[in-house]
Each structure stands twice: as C-alpha cells, then as structure tokens.
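# Commentary on secondary and tertiary structure
Chain by chain, the residues:
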Amino acid sequence: MTDLILFNANVMTMGSAHPTAQLIAIQKNRIIAVGKDDDLREIQKRNTKTIDCKGKTVLPGFIDAHLHLHALAESYVTLNLEPRHNVQSISDIQTRIKASSQELPSGNWIKGRGYNEFYLAEKRHPNRWDLDQVTSTHPIKLTHRTGHAHVLNSLALQMVGISNETSDPPDGLIDRDTKTGEPTGLLFRMGDYLSRKIPPLENLQLDQGIKVANDELLSMGITSIQDASSHNGIEQWKMFRRWKEKEILKPRVRMMLGIQSFSAYMKQDFETQSDTSQLRLGGVKIILDETTGHLRPNQTELNEMVLRIHQSAFQACLHAVEESAVEAACSAIEYALQKLPKPDHRHRIEHCSVCSPSLARKLASLGIIVVTQPSFIYYSGERYLRTVPAEELKHLYPIRTLLKTGVKVAASSDCPIAPANPLMGIYAASSRMAETGETVVYEEKITFAEALRMFGENAARATLDEGMKGSISPGKLADLVVLNADPTRVPIDEIKDIKVVMTVVNGEVVWEKP
Ligand SMILES: [Zn+2]
C-alpha cells in the first residue's frame, strides 16, 4: 500500500543505480519505489496522497553530523551576541545586557552567547568589570562563540564560588589580572564546572527554544542530526527523549556521549530500544585541547581512552583542530588498532582544521573519518586569512586533499557556532568563498556533487546510518528535501541562496515554505 507519492520532480537520487528520477513512492516511513511519472497510475492506490513537485529538485534529506542542539535551543531564548546580530563592541554587549536587566527581576541570570572578540572593536574578551558596569544585581554569564570560554560578572563569580583564592580546576583555567592575581571573569574550558553551579533554563523555556530550533533545521532541509556536545550523558539523553516524545523535535537524532559519561553508560545502559531510527546513541566525544601549550588529555591518557571506546565497539569522536592535535588523535587510533585490529571502526576526527598531505595519507591508511565544517570558510574566512600563519593556512580545511587521498569526509555545521544551513556549507566547500568575497585556499575547492555527498552518503556513513540514509532508493528511510532551484543549474554563487520548499521526515511532510 503506497501512502505518499511525489511526482513531476527532478529527483537527484545520489544513488549509484539511477542518478535521476521523476517519482518517489513511500510506504509508511520507507521509500518503496523510485521511477518515472509514467509509473504513477500503476502505483497510485485509492488512498495514496500525491504531491506534484512541479519540476522542483528533490534530494535526500541533509544530515548534519556534528552540531549542538541544546546550545542552539538556548540561543533562541538567551541573548544573541554574534557579530551578525550587530554586536561590534563591548559597549554593544553592555547595551544588550542593560536591556535584559531592565526586563528581568533582580537575581535572575542573564545569559548571552556567541560573542567573538575578533569582531569587537576592542579586540579582546569582555571582563567582569565591563559587565559590572551594567548591573550588580543580576548574575551574568556570557559564552564565547566556541563554547569553550565564558565571562562572568562579579556577582556571578561570587555565586559560583570563584574568588582570588580559587585554584584552577583540573581541566580549566581561570584568567587572572597579571598584577593583582584577581580573576578577570574570563574562564576557559569551565563549561562543565559552570553547568553544575548555574541553574539550567526551565524546561518550558528550553522547549520553546527547541521548537524554534526544530523549525529552523527543517526549514534548511536537515532531516538527521548528530549532537556532539562533550557534556552529553544521561540527563541530556532524557531531554532528547522528552523532546521526541513531545514531538517537538522532528529530525532524527544521534547523541554522542561525553567521555565522562561513557563509564557510567558502560555500567548502566540507558539507551532504549523504542524507536532507534528516531533517537540513538552514537560515538564518544573527547576534546583534545592545546590552549595551554600542552596536549590535554596527554597522549598516554588519550591512547587508553580511545582503546576503551574501541574495545566497547563505540566510535571515538576526537575533537582536534590544530595539526598537532590531529596527529595525537591519529596516534591514539593507531594504538587502539594495533591492540585490536578492526577494519570498519568508524572512528572520527571532528574539525581536523589543519592537516598536511602526509597527515591526510595517514588518516586514509587508518580508515579515519573526518567531520568538517565547510561553512566556517564562509563565516570565519576573513579571520583565518588575517590570523592563521601562512604555513598552516595552506593546509586549512584541506577537503580536496583529504578526499583525493581517500579519506571519507562528512560535513556538519557545528551549529550554533555557525548557522546550520547545509546549502551554505555546500557553497563554501565548492567555492572556498568567504563572506568578504575573498577566497580561502582555493586549491582545496571540491565539486558540487562531492560537497553534496558530504551532507548525504558520507554523513550517513559517519553516523553509522548508511544502510538507511544518504540516497533516494527503495528500502531507505523516506527523508527528503525539495528545493526551489536545481543547484546543478544555477551559478555557483547562487547555491547559498537556494531555499527549501518542503521537508519530509519518516514519510511525513514536516515542513513547508509558508
Ligand atoms: Zn562542536
């Protein structure tokens, strides 16, 4: 029994057998046939719903292999301090906080996120004294664009128990005034510490943010996401379950576990088997950090962590940005593979921002997947061109080199660090164009089809779902996106402006352009 047919469509199946088609037939949540409009009469039954696509292009739903949903939801219900929201100086930040403080009763937390010191006139992070000028009766927490640094005002510092006497926690760093030793309010890698001390958003408020995030993702044709937040554990799993049960989150979800929660999970499996195509665990996240000049965790610790993940049959997902961190990640995976060879391990390096051709060859030989963020080229290209040393710049996001060497590269947005729009990622990867109109390592440009595959087949493989997703072919899940233009027939500069007109998840039309 066919439930839904999309016909009169320009279907790019991304499958090897039939690259193009006109019609897609769906039964329940699966694609059952892909063919020509002539097949319509034969397949259509009395109760079959049909959608005339009027020649529009249909693609497999986009898969974003690395983003942070909780932070995205929070961004809709907290202050947005990103440069593109007209925040160009510390005084702009102060103005936004001032407005919030006038709306909120004293004692309530004011939370803001996304500030970027590179684009602030002062070229520095705000500090406690900047924030104290605005209010002394509301605690304030600002989150840096990367999520790895925070700024607190004096009241907030006091409330979370940070004073002159507080020593740095094991993985964090409390920035201090060089003369007085007093904390400046700027805290590095202390997100977990702060989340234990600062009350989270009320469920109701957070759910409001999830609804907006859901709408945003669907409007960009994203039908599957992988949440890569390093603090993910049982509490976050429960939240995802709640959002799924309330049906306020339509894209399919894979949630990575943070390394801290991994041991707890191994003792008590909390993954339910209810609907595994909607919500599953996948991957264990480890952040390799080098901001202090030393690798944390160190190589020996890292090797043991990765080995433990490898032995448990989970994927290791290693956040590594600089080349030396990528090397360390590589060594740790090599160590695990020597102890226990496994050809199809699917271990991943997240970001892999700087990678020389020789290191790319090593990644390929070890079968490591890279999960990259092509839209950073567009949104942060200007900063890269001004601040990344020439030696590193030539190996920055070397997507073409990686693909040519045989590395499987999946794409993602790292949203809310950059907007989630996959078409922007596809545009940036196939043009290497920054927002300023400058190109960023043009030699590393890839073709449109390769870029599209990074958000389809390759992302499906990176998230262990290649059997169910990544192409429009019989047997696969009915996750589709309909576009208002054929991306293969518009000038490259217009790819980023293509709009989604309809999104289908699980055989259901979940979003239509209003
Ligand atoms: Zn991330």
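Structure report, in brief. (Residues numbered from 1 in each chain as written. Predicted model: local features only at pLDDT ≥ 70, side-chain atom pairs only at ≥ 80, totals over all residues. Heavy atoms only, no water.)

Take the overall build of the protein next. Within the protein, the regular secondary structure consists of 18 helices and 24 strands. In the protein, 72% of the contacts between residues at least 6 apart in sequence involve partners at least 24 apart. Only carbon and sulfur atoms are counted for the fraction: they give 49% of the accessible area of the protein, which is about 21,700 Å². Both charge centroids of the protein, one from 60 positive and one from 62 negative side chains, sit 4 Å from each other. (Helix = DSSP H or I, 4+ residues; strand = E, 2+ residues; numbered from the N terminus. Contact = heavy atoms within 4.5 Å. Areas by Shrake-Rupley, 256 points an atom, 1.4 Å probe, with all protein chains shown as cover. Lys, Arg positive; Asp, Glu negative; His and termini not counted. Charge placed at Lys NZ, Arg CZ, Asp CG, Glu CD.)

Helix α16 (residues 422–431) sits mainly inside the fold: 10 of its 10 residues count as buried. When α16 is considered as a whole, its buried residues turn out to be Pro422, Leu423, Met424, Gly425, Ile426, Tyr427, Ala428, Ala429, Ser430 and Ser431. Those residues of α16 hidden inside the fold are in contact with β8 (62–67), β15 (222–227), α13 (375–387), α15 (399–405), α17 (448–454) and β22 (480–483). N-cap assignment for α16: the residue whose side-chain oxygen lies 3.0 Å from the backbone N of leucine 423 is asparagine 421. (Buried < 20%, exposed > 50% of the residue type's maximum accessible area, 1.4 Å probe, protein only. Polar contact = N/O pair within 3.5 Å; in protein donor to acceptor, adjacent residues only side chain to side chain.)

The next subject is the coordination of the zinc ion. The protein atoms that coordinate the zinc ion are His66 (NE2), His68 (NE2) and Asp414 (OD), at distances spanning 2.1 Å. Positions of the donor residues of the zinc ion, expressed as sequence spacing, correspond to H-x1-H-x345-D. Of this pair, histidine 66 sits in strand β8 while aspartate 414 sits in the loop between β21 (409–411) and α16, and the two are 348 residues apart along the sequence. The exposure class of histidine 66 is buried, given its relative accessible area of 0%. (Donors = N, O, S within 2.8 Å, 3.2 Å for Na, K, Ca; no water.)

With that out of the way, let us pick up the sheet that holds strand β10 (residues 110–115). One open sheet holds the 6 strands; their spatial order is β9-β10-β11-β12-β14-β13, and the pairing between them is mixed. The strands lining the two open edges of the sheet, one partner per strand, are β9 (79–80) and β13 (173–176). Here 2 bridges tie β9 to β10, and the two strands are oriented parallel to one another. Paired with leucine 79 across the two strands is glycine 112, which belongs to β10. (Pairing = 2+ DSSP bridges.)

With that settled, the discussion passes to the sheet that holds strand β23 (residues 500–505). Taken in spatial order, the 6 strands line up as β3-β2-β7-β22-β23-β24 in an open sheet, and their pairing is mixed. At either margin of the open sheet sits one strand with a lone partner, and together these are β3 (20–21) and β24 (508–512). Taken together, the 4 bridges between β23 and β24 define a ladder with antiparallel strand orientation. Directly across from methionine 502, in β24, lies its bridge partner glutamate 512.

Interpretation note: all reported values are geometric properties and have no functional meaning in isolation.
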